[in-house]
Amino acid sequence: MLKFGKQGKAEGDFDAPFGICYFKNKIYVSDTRNNRIEVFDKNGKFLKVFAVKGYLFGLRAFGDNIYIANSGESVIIKTDENGDIQEKIGAGSFLNLVDVTVAPNGDVLACDVYGRRIIVFKKG
């Protein structure tokens, strides 16, 4: 078993880790209260961080991108592996966005907990 991270605000620390995904041999973690995505190697060594305004929850990797459920900004953010935003999906469509996934055909599905609903954004 491998464990890494501790409570805090420094790089590699977490204040509220919520979402996690494995992408291109790296571990991506949404640190909700620190408003950032932290990136680690497969052994838990801290590599980098990218700041994202809002409260970040679920993460999903699909294709060459990471999809981030950003509740604070009420939007799904599609980024590349470096955190560069490629697209914003569903802006203003959510009451409280908490998770996201991507179907094999590229449709983006979101879980809106306060709206008590799932929203599907069709590809294209």
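To be clear, the structure that these remarks concern was listed above.
Residues numbered from 1 in each chain as written. Predicted model: local features only at pLDDT ≥ 70, side-chain atom pairs only at ≥ 80, totals over all residues. Heavy atoms only, no water.

*Asks:* What am I meant to see in the overall build of the chain here?
*Replies:* In terms of helices and strands, the chain carries zero helices and 11 strands. Start at the N end of the chain and walk to the C end: the helices and strands fall as β-β-β-β-β-β-β-β-β-β-β. Computed over its C-alpha atoms, the radius of gyration of the chain comes to 14 Å, within 12% of the 14 Å expected for a compact globule of 124 residues. The C-alpha extent of the chain, read off along each of the three principal axes, is 35 × 25 × 25 Å. (Helix = DSSP H or I, 4+ residues; strand = E, 2+ residues; numbered from the N terminus. Rg over C-alpha atoms; globule rule 2.2 N^0.38 Å.)

*Asks:* What is the right way to look at the pattern of salt bridges in this model?
*Replies:* It is possible for side chains bearing opposite charge to pair when their charged atoms get close. Within the structure shown, the criterion is met by 11 salt bridges. Measuring nitrogen to oxygen at the nearest pair gives 3.4 Å for the salt bridge that ties arginine 36 to glutamate 38. Classification of arginine 36 as buried rests on a relative accessible area of 9%. Looking at glutamate 38, the relative accessible area reads 0%, which means it is buried. With a closest N to O distance of 3.7 Å, lysine 78 and glutamate 87 form a salt bridge. A residue is classified by how much of its surface remains accessible, and lysine 78, at 18% relative accessible area, is buried. (Salt bridge = Lys/Arg side-chain N within 4 Å of Asp/Glu carboxyl O. Buried < 20%, exposed > 50% of the residue type's maximum accessible area, 1.4 Å probe, protein only.)

*Asks:* Which parts of the structure should I look at to understand the side chain of aspartate 13?
*Replies:* Position of aspartate 13 relative to the elements: it lies in the segment before strand E1 (17–23). Given the relative accessible area of 8%, aspartate 13 is considered buried. Look past the residues within four positions of aspartate 13 in its chain and what remains in contact with it is Lys6, Gln7, Gly8, Asp31, Asn34, Arg36 and Glu38. (Contact = heavy atoms within 4.5 Å.)

*Asks:* Whenever I open this one, a nonpolar patch on the surface confuses me. Can you help?
*Replies:* A contiguous nonpolar surface patch, about 330 Å² in accessible area, is contributed by Leu95, Val113 and Tyr114. Counting through the fold element by element, tyrosine 114 comes out in the loop between strand E10 (108–112) and strand E11 (117–121). (Patch = residues over 30% accessible without salt bridge, like charges linked within 9 Å, V, L, I, M, F, W, Y side chains within 5 Å. Areas by Shrake-Rupley, 256 points an atom, 1.4 Å probe, with all protein chains shown as cover.)

*Asks:* Just to check I follow, could you spell out the side chain of serine 71 for this structure?
*Replies:* Among the structural elements, serine 71 can be located in the loop between strand E6 (65–70) and strand E7 (75–79). Relative accessible area serves as the criterion here: at 16%, serine 71 is assigned to the buried category. Serine 71 has contacts with Tyr55, Phe57, Asn96 and Leu97, leaving out every residue within four places of it along the chain.

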